[in-house]
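# Architecture at a glance
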Amino acid sequence: MASQEDSAVNPAGKILSVCWNAGALAASYYDIDQLELYAVQQAIEPRPQYVLLRDLVQRYRPLYYVITGPACFLEDCREVLGLPAAVANQPAPSDSVDQSVGNASQPSNVKIVEYTAQSQAQARGRLLAHKFAGMPPESSERECRTFLESIVPFEQELLVTSVGNLLLLLLDTVGDTLSPAQLVTRINLVTPSTQLVIDGLTYEALQIFDASRHPSGFKCGTDTRGLSVYSLFNKCSSKNGEEWLSRLMTQPIRDRAELQHRHDTVQWLLANVRYANQFDQCLKHLTNVGLLYRKLLQGTARNVDWKMLKKNLYYLYSLCKLCALTLEDAQVAGTVVHELGQYTRNPTNALKHVLYTIDKCLDLEKGDEENKVTIRAGLDPAVDRLREQYDGLREVVLESSRLGLETLQLDMANICVTYLPSFGFVISTQVDEQLQRSGIFQHESFDLVFQADNTAYFQISLCKELNDEFGQMVASMIEHELAVQTRLTTFVGTKFPEVMGVFKLAGKLDALLSFATVAKMHRYVRPLVCDGAKVLQIQGGRHVVLEHRRTYRANDTCVGETNHHLVNVIAADTSVGKTTYLKEVAIICYLAHVGSFVPAAYAKIPLLDSIYTRLDHPESIFSGRSSFMSELYQMASLLQNATASSLVLIDEFGKGTNYLEGKSLLIASIEHLLKRGDSAPITFVTTKFTGIERFLPTVHRNLLVRVHRTPTDRQSRSSTRTSDTLDVTSDDPADPTERLKATYQLAFRAVAFAVMKYHQAAGGQAPATESVRALMESTPITRVPEQCLEISHPPPSRAVQQQHNRHANDDVSGDGT
C-alpha cells in the first residue's frame, strides 16, 4: 500500500475507518501523533467514482484501514484504496462480526467489518461506553449520549458505525496496557462541505509534494521531498510546525472564515517582524508532546522524557506570554497570535498548573545524576526517610569500592551506585577504552552482572550483603516513588487535552509563520477570496517553482471580471509555456485555499470546491494502463465530477492516440463543458491543434479561443533541422497550392524517414516491397489524408452557402405551387 510512512509503528500517521452503504459514506480517522479522533460527516458518495473516499485517502495517507460495507463496496476498495484483490472479497460468515487483522487473505494493515445489524449495535455500544475528555467519570449511558450528541450526530448511522469500529480497533490494539480513553484525548467533527477536493494526480502534476516513481512500480510513491512547493514553503522552526505545514497543504479548504483567519495571521506576522522573530525562538524548542504523553501513560517514561516534557511546556508557555504582549494591537484580533495570547489571561490554564506540578514533584537535575525519575525532597516524608537511608547505603558501597577502582586507574566521576529491582545494588560505569584496559572484567572483586547500552553493571561482595539486609527497605522506597509518579501522571492526563490544544495552535502558528517568511522573501500578495462570484483575476502571476530556476515572465488571467469566458482554449503549435501557465494558475488557486499568500501582483480567487486537471501523467508499468487509457480515466473523472465551482485544467488531451481521434475527443469534451452554460466550471484548455477554432462555436458567450501560430520564416528555418520526431502539428501556408505541396512533402518525408530507420536496423539492406507497404501503413502521418481532403474539397464560403440555401428554398417553394 502506498504510504508516506515506512511502517505502522511510525508515530506520525493516521488510522482511517470508512463505512459505505446505499450511496452514502461516513468516515473517521485517528491521529496517532495528536491523539485525537476526527469524525467526517456522512455525505452522498455514488459508486464507482468515490470522489470523497479518494480524497480522504489522498489527504491522510492512512497507515491502517477499517473497511465496513456491502460486498460491492469491498470489491471497489481494491481499486480505490490500492489493496490486493483478496481484500475486496466479502468476509466469510462466521461467529465473529469482523475478520481477524492477521488473516492471511488480506494485508496486515486492513481490517474488514461486515455491515450487519449486529456490527452496528456493537459499534454504537462501544461509542457510548467511551469516556471522552470533559465527560463526568460516573456519568450514565443517557448522560454519555447527551454529551456525545453535542459532538457527533447520532442520527447518521454510518458515522456512528465508523467511529465505533475505530474505537474497537484501538481497544484491540492497546489491549490491557492502555484504555482508548487515554489515547483519544478529543473528538472533532469534520464537514466534507468545507474541504477542497484535489486528486492525487493533480498533486503530482503540480509538484506540491515531490514523489519519485520508478517505471516498474518499484519504490512507487517514495517520498523524496525534493524540489516541490512544500520544500519551498518549509521554513518551519519545529517538527510540530512541519507536520502542521504538511497538514495545511494536504487539506486545502473552502471555509471562507478559516481562510480569512489564516490570511489575517500571515498579514499580521508580515507587519510585525520583530515579534515574529521572537516567536521563532520559542517555536524551535518544541518537539512531539504526544509521543512523550504516550510514554507517560505506558509507564516507560524516563527522567529525560519528563525533562523534555517540562522543556516543551516552558517554551510553549513563554510563547503564549509573548503573544499576550500583542493583545493591545487592534490588528491582532482574529489571528492565531490572538488566541495564544488570550490563553494566558485564564488564571487556571493547564500549562501553568502542569509546569508548577512537575517542578514541585520531580527533581530532574538529580534524576540526571542517578539516571532515574527522582521525587523531590520534602514532597512525601515517608519517601524522604527511605531516601536518606538509601543514599547512605549508596555512599557505603561507593567508598568500599573506591580503593579497588582507583587501583584500576578508573575515573570516579564516571562511577555510579544505584539499585536495580532485578539485581539489587550495582556499580555502573560507561564502557570505553579506559575501562577495557583497566582489567576490571578479569578482576575477582568485581562481578559483571550485565551490560547494555554501553554501560556495564558490577557487584562487589558488599552489594550482595546489603541486598539481603536492606532489600525490603529499598523496595518499599521504590513503591512509594511509583505511587507519587502515578498520581503525577494522572494529573497530567487530566490536563493533557487542554495542553494539546495549545500545542496545536503553536504548530499552526509555526506553519503560518513559514507562509509569512516565504511571502516576504518572494514578494507574494494576499489573495482576495470571493464567495459566490465566479471571478478569477490574476495580475503578474508567477510559477512558485520555476521562478527560482530561471527567468520567468509573469502572466495575467481574467475570467468573469469583464467577460463570461468560462472556457478558455489556448492553441499553439510550439512550446510557448502552455503547460507551465496552467500549473501556475492551479498553484495560485491552491495556495489561496490553504491560507497562503500567492506569487502575483494581484489575485482575486473564487471560492472553489474542487480542482481537476488533465496534466502530465506518470508512466508506470505498475499501473496496468496505457498512457492514453490513463488520459481517458482522468478526463472521465473530470467531466463527471466537475461542478460550477470547480477549476478545470486540460493540457493537450488526445495526444496519446492518433490525430483524428484525439482531436475529436478534445472538441467533444469542450462542447460538453459549453453545454452547461453559466454552470460550466472555470476551464483552461491547451492544445497544439491550431485549427481548433474552425471546429468550435467561437461565437459562444462562454468560450474564448486564442491561437498562437509560428511565423513562416521560423518554420522554414526549423524545417532544415534533422530530428527523429516529425512536426505534424505546425500551421500550414495560406495558399492552397502551397498547402497541398507541403502536405505531400510531409508524407514523403514520413515514409522516407521510416525506410531510413528500417535500413539502419537491417544492417544496410534495402527493404522489400511488402515491407515498404507495411511501413507506409503504420507510419504515423494521420494528418496527411485529412489535409489532402480539406485542400482538394475546401468547405464553401458563407456567401456561397447562403446562395445555395436560397436556391434550395426556391425549389421547395416551386414544388409547393
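This text goes with the structure placed above it.
A brief structural summary. (Residues numbered from 1 in each chain as written. Predicted model: local features only at pLDDT ≥ 70, side-chain atom pairs only at ≥ 80, totals over all residues. Heavy atoms only, no water.)

What follows is about the overall build of the protein. When helices and strands are tallied, the protein shows 27 helices and 22 strands. Sorting the 817 residues of the protein into buried and exposed places 49% on the buried side. A total of about 39,100 Å² of accessible surface is found on the protein, and carbon and sulfur atoms cover 52% of it. (Helix = DSSP H or I, 4+ residues; strand = E, 2+ residues; numbered from the N terminus. Buried < 20%, exposed > 50% of the residue type's maximum accessible area, 1.4 Å probe, protein only. Areas by Shrake-Rupley, 256 points an atom, 1.4 Å probe, with all protein chains shown as cover.)

Time to look at helix α9 (residues 239–250). Over its twelve residues, α9 extends 16 Å from the first C-alpha to the last, a length consistent with the 16 Å expected when each residue adds 1.5 Å. With nine of twelve residues buried, α9 is to be regarded as a mostly interior element. For α9, every residue scored as buried is listed here: N240, G241, W244, L245, S246, R247, L248, M249 and T250. (Expected span 1.5 Å × (residues − 1).)

Between α9 and helix α19 (residues 461–522), whose axes approach to 8 Å, the crossing angle comes to 75°. Classed by the angle they form, the pair α9 and α19 counts as roughly perpendicular. Residues N240, G241, W244, L245, R247 and L248 of α9 form the contact with α19, whose participating residues are F503, K504, A506, G507, K508, D510, A511, L512, S514 and F515. (Axes fitted to C-alpha atoms, helices over the stretch in contact; angles between N-to-C directions. Parallel < 35°, antiparallel > 145°, perpendicular 65-115°, else oblique. Contact = heavy atoms within 4.5 Å.)

On to the pattern of salt bridges. Taken as a whole, this structure holds 14 salt bridges when the rule is applied. Of the charged contacts in the structure, one is a salt bridge between K508 and E258, with a shortest N-O distance of 2.7 Å. Placement of the pair is K508 in helix α19 and E258 in helix α10 (residues 256–271), with a sequence separation of 250 residues. For K508, a relative accessible area of 11% translates into the label buried. Put simply, D368 and K307 hold a salt bridge, and the shortest N to O gap is 2.5 Å. Of this pair, D368 sits in helix α16 (residues 364–370) while K307 sits in helix α13 (residues 303–324); the two residues are 61 residues apart in sequence, bridging distant segments of the chain. Connected through shared salt-bridge partners, K14, D31 and R247 make up one network. (Salt bridge = Lys/Arg side-chain N within 4 Å of Asp/Glu carboxyl O.)

Positive phi, normally seen in glycine, also occurs at A22, with a value near 55°. A residue is classified by how much of its surface remains accessible, and A22, at 70% relative accessible area, is exposed.

The subject of this paragraph is the packing of helix α15 (residues 350–361) against α19. To characterise two packed helices, one gives the angle between the axes of the helices and the distance between these axes. Contact geometry of α15 with α19 gives a least axis separation of 9 Å together with a crossing angle of 145°. The way α15 lies across α19 gives a crossing that is left-handed. Contacts from A350, L351, H353, V354, T357 and C361 in α15 reach L488, F491, V492, K495, E498, V499 and V502 in α19. When grouped by side-chain class, the residues that make up the contact of α15 with α19 number nine nonpolar, two polar and two charged. (Left-handed = near helix turned anticlockwise from the far one by under 90°. Nonpolar A, V, L, I, M, F, W, Y, C, P; charged D, E, K, R; others polar.)

Okay, the packing of aromatic side chains next. For the structure shown, the criterion picks out 17 aromatic pairs. Ring geometry for W268 versus F279: centroids 6.5 Å apart, planes at 20°, classification stacked. Taken together, the residues W268 in helix α10 and F279 in helix α11 (residues 273–283) connect sequence positions eleven residues apart. The two residues W268 and F279 agree in class, both being buried. Residues Y314 and Y315 carry aromatic rings whose centres are separated by 5.2 Å and whose planes lie at 80° to one another, so their mutual orientation is edge-to-face. When its relative accessible area of 21% is taken as the criterion, Y315 is described as partly exposed. An aromatic cluster of at least three residues, connected via ring pairs, comprises Y203, F209, Y230 and Y590. (Phe/Tyr/Trp six-rings, centres within 6.5 Å; stacked < 30°, edge-to-face > 60°.)

Going through the model one piece at a time under the given rule, you end up with three cavities of 30 Å³ or more. Taken together, V40, L52, D55, L56, R59, Y60, V190, P192 and Q195 make up the full set of residues lining the second largest cavity. Here the element with the most residues in the lining of the second largest cavity is helix α1 (residues 51–60); it accounts for five residues. Its residues placed into classes, the lining of the second largest cavity shows six nonpolar, one polar and two charged. (1 Å grid on protein atoms, 1.4 Å probe; cavity = no way out; pocket = protein on both sides within 12 Å on 5 of 7 lines; lining within 4 Å. Points joined across faces, edges and corners; volume = space filled by probe spheres on them.)

So, on to the pairing of strand β1 (residues 14–21). Walk down a regular strand and you will see the side chains alternate between the two sheet faces. Among the eight residues in β1, seven count as buried, and that is most of the element. Taken together, β1 and the strand that follows it, strand β2 (residues 24–31), pair antiparallel across an intervening segment of two residues, in which A22 is found at a positive phi of about 55°. In terms of strand pairing, β1 meets strand β4 (residues 64–69) through five bridges, oriented parallel. The partner of C19 across the bridge, within β4, is T68. (Pairing = 2+ DSSP bridges.)

What follows is about the nonpolar core. Judged by nonpolar contacts, the single largest core of 135 residues is most densely connected at F279, W306, L536 and F684. At 18 residues, the largest contribution of residues to this core is made by α19. In contact with F684, not counting residues within four places along its chain, are L536, T557, V559, N568, Y581, L582, V585, L647, V648, L649 and I650. Among the nonpolar cores identified, the runner-up in size contains 27 residues, and Y390, V397, L466 and V474 belong to it. (Core = buried A, V, L, I, M, F, W, Y, C linked by side-chain atoms within 4.5 Å.)

Attention now goes to the pairing of strand β17 (residues 567–572). Burial analysis of β17 places six of its six residues in the buried class, the great majority of the element. Side chains V567, V569 and A571 project from β17 onto one buried face, and the interleaved N568, I570 and A572 project onto a second face that is buried too. Taken together, the five bridges between β17 and strand β21 (residues 682–687) define a ladder with parallel strand orientation. In the sheet register, I570 faces β21, and the bridge partner there is T686. Where β17 meets strand β22 (residues 703–708), six bridges bridge the pair, whose relative direction is parallel. What sits directly across from A572, in β22, is H708.

Reading across from one edge, β5-β4-β1-β2-β3-β6 is the order of the six strands in this open sheet, with mixed pairing throughout. The sheet is open, and its two edges are formed by β5 (110–114) and β6 (186–190), each paired on a single side. On average, adjacent strands in this sheet sit at an angle of 15° to one another, irrespective of strand direction. Examined bridge by bridge, β4 and β5 share five bridges and lie parallel to one another. Paired with I67 across the strands is I112, a residue of β5.

Let us now look at the sheet that holds strand β15 (residues 536–541). One open sheet accounts for four strands, arranged β14-β18-β15-β16; its pairing is mixed. Unpaired on one side and paired on the other, β14 (528–530) and β16 (555–559) mark the two borders of the sheet. Here the average twist between neighbouring strands, direction ignored, is 20°. Pairing of β15 with β16 involves four bridges; the strand directions are antiparallel.

You can see N188 is positioned in strand β6. At 3.1 Å, the side chain of N188 forms a polar contact with the side chain of E36. Each residue touching N188, except ones within four places of it in the same chain, is listed here: E36, L37, Y38 and A39. (Polar contact = N/O pair within 3.5 Å; in protein donor to acceptor, adjacent residues only side chain to side chain.)

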